[in-house]
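Report on the structure
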Amino acid sequence: MRIVLASTSPRRRELLVREGLKFEVMASPAEELHDESMPLAELCERNAELKALGVQVPDAVVIGADTLVWIDGDPLGKPGSLDEARATLRRLAGRSHTVCTGVCLVFPGGKVERFHELTEVRFKAFGEEVIEAYFEKVDPLDKAGAYGIQEHGAMLVEGIEGSFDNVMGLPVSLLMERLSACGIASG
């Protein structure tokens, strides 16, 4: 069966390629919700659904995904500026936060399946010099929470509880389980 990833995220593409999944990429025109009153998992799953439904491919399984960092009850998406990215990393430094990725599968015929995964991430205590050194190596503006765990994440991250892939932007094991349960195998 044809598979479409409704995301231009290079990290999500990389994760699916690693699994041997054959897929196409189509950018979703969907506008994300930014409703801080919604529970984290619901917000991520709903945004993933909007993205998947935004790509109309009747003969394909469409995969939508949305990742947010959550701390103190606040969702942190992609920062709008370097100053916002600095403020985000200052807020995360020396603390734990939750990364949630919501996933939505839209099947031919319109069946929709939503799910999510949560990962706890512990950041090291660090100051401005580490933030600036990190920004010299990584562009924080295209990443939820202003960091990419797979890109020099050791500069910031002390440890995680849960899926590393989820923090990158896609809970691959969970996704592959769901696809396999529907008779869609990798390769």
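Residues numbered from 1 in each chain as written. Predicted model: local features only at pLDDT ≥ 70, side-chain atom pairs only at ≥ 80, totals over all residues. Heavy atoms only, no water.

This part covers the nonpolar core. Counting residues in each nonpolar core, the largest one holds 43 residues, and the members touching the most others are Leu89, Leu105, Phe123, Tyr147 and Leu175. Not counting chain neighbours up to four residues away, the residues in contact with Leu105 comprise Val61, Val62, Ile63, Lys111, Val112, Glu113, Phe115, Leu175, Arg178 and Leu179. Counting residues in hydrophobic clusters, the runner-up holds 10 residues, among them Val4, Val55, Cys104 and Val106. (Core = buried A, V, L, I, M, F, W, Y, C linked by side-chain atoms within 4.5 Å. Buried < 20%, exposed > 50% of the residue type's maximum accessible area, 1.4 Å probe, protein only. Contact = heavy atoms within 4.5 Å.)

What follows is about the packing of helix α3 (residues 82-92) against helix α4 (residues 128-137). Packed helix pairs are characterised by how far apart their axes lie and by the angle those axes make with each other. Between α3 and α4, the least distance of the axes is 10 Å, while the angle of their chain directions is 130°. As summarised for this structure, α3 and α4 are arranged oblique, according to the angle between their axes. Every pair of crossing elements has a handedness; the one defined by α3 and α4 is right-handed. Only Glu128, Ile131, Glu132, Tyr134 and Phe135 of α4 make contact with α3, whose side of the interface consists of Leu82, Ala85, Arg86, Leu89 and Arg90. Broken down by class, the residue content of the contact of α3 with α4 amounts to six nonpolar, no polar and four charged. (Axes fitted to C-alpha atoms, helices over the stretch in contact; angles between N-to-C directions. Helix = DSSP H or I, 4+ residues; strand = E, 2+ residues; numbered from the N terminus. Parallel < 35°, antiparallel > 145°, perpendicular 65-115°, else oblique. Left-handed = near helix turned anticlockwise from the far one by under 90°. Nonpolar A, V, L, I, M, F, W, Y, C, P; charged D, E, K, R; others polar.)

This paragraph deals with the pattern of salt bridges. Counted under the stated rule, the structure contains 21 salt bridges. One salt bridge in this structure joins Glu151 and Lys143, with 3.2 Å as the shortest N-O distance. With relative accessibility at 27%, the residue Glu151 sits in the partly exposed group. We classify Lys143 as buried; its relative accessible area is 5%. Taken together, the salt bridges that share partners define one network made up of Arg11, Asp142, Lys143 and Glu151. (Salt bridge = Lys/Arg side-chain N within 4 Å of Asp/Glu carboxyl O.)

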